[in-house]
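Geometric and topological summary
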Amino acid sequence: MLNATTSTAARAAARLHRAPTSRGLRSPNHRTDHPSTTTATADAATTTMMRRSSSVGAEQPPSSSPPPSSDASSSRGGAGRGGRIEKYTSNEFPDRQEPPSITRTSASDVVSVVAKSRLGRTSSSTTSSHAARRPYVISPSRGIGPDRPSHVPPNVPPETLRAPDLEFTTLPNGCRPWEYCSTSAPVTRPTGIAGGGDGASSSSSSSSSTMTTTTSTSTNDGACERDDDEGISTSGVNHLMELLAFQSTRARTGEEVRDAMERLGGACFATSGREQMMYCVDVLRPNVGTAFGMLAETIKFPLIDDVEVEEMKRTMEYQMMDVSPQVLMGEGLQAAGYGPLSRGGGGEGVVRVQQLGRPHFCTPESLPNLTARSVHAFRERHLLNRPNGIVVSGSGISHDELVELADANFGHVVPRGGEEDDDDDDDDHRTVPSVYTGGEYRLERPPNPNPAKEEFAHVAVAFEVGGWHSSDLVPTCVLQTLLGGGSSFSAGGPGKGMYSRLYREVLNRHHWAESCEAFTSFHTESGLFGMAGSARPDRAGDMTRSLVDHFLKLEADPVSDEELDRARNMLKCNVLTQLESRLVLFEDIGRQILTYGKREDASTMCAKIDGVTKEDIQRVIRKAVRKPPTLSTVGIDIKNVPGVEEVTRWLGRGPQKKSWF
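Quick caveat: nothing in here was measured; it's all calculated off a predicted structure. (Residues numbered from 1 in each chain as written. Predicted model: local features only at pLDDT ≥ 70, side-chain atom pairs only at ≥ 80, totals over all residues. Heavy atoms only, no water.)

1. Some remarks on the packing of aromatic side chains
Describing an aromatic ring pair means giving the distance of the ring centres and the angle of the ring planes. Applicable threshold: Between rings of Phe, Tyr and Trp, where Trp is taken as its six-membered ring, a pair exists when centres lie within 6.5 Å; planes separated by under 30 degrees are stacked, by over 60 edge-to-face, and by other angles tilted. A run of H or I in DSSP becomes a helix once it reaches four residues, and a run of E becomes a strand once it reaches two; helices and strands are each numbered from the N terminus. In this scheme, a residue with accessible area under 20% of its type's maximum is buried, one over 50% is exposed, and one in between is partly exposed, where area comes from a 1.4 Å probe on protein chains only. Consider the ring centre and the ring normal. A charge sits over the ring if Lys NZ or Arg CZ is within 6 Å of that centre and within 35 degrees of that normal.
Evaluation of the coordinates by the stated rule reveals six aromatic pairs. Judged by centre distance (4.9 Å) and plane angle (75°), the ring pair of F463 and F551 falls under edge-to-face. In this pair, F463 is assigned in strand β13 (residues 457-465) and F551 in helix α16 (residues 540-556), connecting sequence segments 88 residues apart. In this pair, the class of F463 matches that of F551, namely buried. Ring-pair connections join several aromatic residues into one group, and the members of that group are F463, F529 and F551. A cation over an aromatic ring shows up here: K300 above the ring of F410, its NZ or CZ 5.9 Å from the ring centre.

Written as structure tokens, this is what we have:
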């Protein structure tokens, strides 16, 4: 009986310990002082069971002494020869009850090791345990020494910092380098470049050790029409030039340009608009000179052969296949709002496409006509011979260094016809003011091949407002922020615009509204302000009527003080937050210099925003709705969207008629 009992206990003990110890592991309830071999005697097994039962509900205090080192005989757990207690292995850490030993290294130890390594001292070899406790040795090239690299700005007390200043220089040729300077002792100095360019830079003894250089060039599309008359099509060439930026040049291939930029630790890109184009590089401060040379090289000496042009045209084809309906709707607003005019007057004669009515992105109809010759003709007319249309802006670089780089790379550019040529006359010849006409744009798209994607009808209604030089610019921006809007889904949180008027009165009120928001589109001589929304095709008419009713409500009733205060605060917050980005800052500098010839600082802009009143808002909207409306709609089914004549009839009823509000 005793033998049977002890045999059962031995088998139970073996089952308990065989599986966990087969791979050197332990179960959470396994105690390491238990024998775990099937060859143990019955007495040992019985003792084990008694020991386990007596320890139930009692927890052994952790050992304060470090665990003994394991040996080969007990590396997999269990008792060794002579019934020795098993010892810990490296895989048993999760079950150890004593805390792990932590080795701390002070900074002085690391500095002393670095100092010894710099003096060429070598330490004698020690035991493996001593080597494991030795502090981590930092390479001398990475050590922090008493000497600060010249490109790393020093730390200065916060009380010595002052508001950033803008340094400006005009070179003899008209090119303008501008520097946004943020230092403890800022200095503003106007500068200029021979030939007509400007430059701006921003240097700071307390800014980050990076530098971004932006070159902006004015590219008015009005000249494309005259080039078309000469047999060279340049429609959509600014879109193509954006893709050709930082590709092959006369001195480097496209792959060499990309490899060089990677070695410099920087990034490069280009963006284009209807009136201006911007090239930008962002590199570490010690590599500014090399990166600026590559920036000037891609602007002045691009290769632009037929092979590269055809390659970029294939890229443009893929972009056209994936263009969003919002982009198409925006292009339609420009085409309808600034419709074609007849040259002969009286509705007869040759039809002239207005500059602001031309598409910004290349259309499928214009793509086959783009060639390398088109790009060179566009650059020759709008870029290479107009140094006064070049603005160089920088941050994290001294103004003198930026002026020196701008002069070396762009100072030799001369105006068309030589230095005596009148650039104002050339600008008048290139630019023809656009006339707002109002109109309608409708585009039915084929269904999306993805059946899981829900299709919507997109509608936008807009009116003409003043352009960049208008006194109504800031009130229009406040009005856009007041209306706000967004999509039907939002995660909430500050700054999401969930308390804006369109979000409260359209998206939160109508279940069929997928999106609804206000927008603006400003240019030099004119601009557009409107509202856009999307809904299911069967609700497209309701969405259009809702947008029109909001125009009528703004015209009839002044906005509340609460709405106006919220809109002004949110607009100031958005402006200041955006200007914290260097890339946004450079674009703001370059475009303001090209548009106004100066730059307004953030405090001046915030003061203008605070000065907007509810009377200004109502005056802007009443002035806008007196003009013909512009309607643009895109979708797979837009038959329920009313025509522009119906929208005009709704607006003619006046605010006293029945409305949704």
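2. What about the pattern of salt bridges?
The cut-off we apply is this: One side-chain nitrogen of Lys or Arg within 4 Å of one carboxyl oxygen of Asp or Glu is enough to make a salt bridge.
Applying the stated criterion across every chain yields a total of 26 salt bridges. Linking E505 and R504 is a salt bridge whose minimum nitrogen-to-oxygen distance equals 4.0 Å. Classification of E505 by relative accessible area gives buried; the value is 9%. Relative accessible area serves as the criterion here: at 29%, R504 is assigned to the partly exposed category.

3. So, the packing of α16 against helix α21 (residues 644-652)
Each pair of packed helices can be summarised by the angle the axes make with each other and by the distance between the axes. The cut-off we apply is this: Axes, fitted as lines to C-alpha atoms, cover a helix only where it is in contact. Angles between the N-to-C directions of the axes lie from 0 to 180 degrees. Crossing handedness is defined as follows: a turn of the near helix away from the far one that is anticlockwise and smaller than a right angle gives a left-handed crossing, while the clockwise case is right-handed. Contacts are residue-level and defined by heavy atoms, with any inter-residue pair within 4.5 Å sufficient. Under the convention adopted here, Pro, Cys and the residues Ala, Val, Leu, Ile, Met, Phe, Trp and Tyr are nonpolar, Asp, Glu, Lys and Arg are charged, and Gly plus all remaining residues are polar.
Running from N to C, α16 and α21 cross one another at 35°; their axes reach a closest spacing of 10 Å. In this structure, the crossing between α16 and α21 has a hand that is right-handed. Here T544, R545, V548 and L552 of α16 lie close against α21, whose contacting residues are V647, W650 and L651. For the contact of α16 with α21, the residue count by class is five nonpolar, one polar and one charged.

4. Topic: the pairing of strand β16 (residues 527-535)
Our working rule: Pairing between two strands is assigned when DSSP locates at least 2 bridges connecting them.
Within β16, nine of the nine residues are buried, which leaves the element mostly enclosed by the surrounding structure. A two-sided burial pattern is seen for β16, the buried positions comprising G527, F529, M531, G533 and A535 on one face and L528, G530, A532 and S534 on the other. As defined by bridge partners, strand β15 (residues 513-522) adjoins β16 across nine bridges and the pair is classed as antiparallel. Paired with S521 across the bridge in β16 is L528. As consecutive antiparallel partners, β15 and β16 are separated by four residues.

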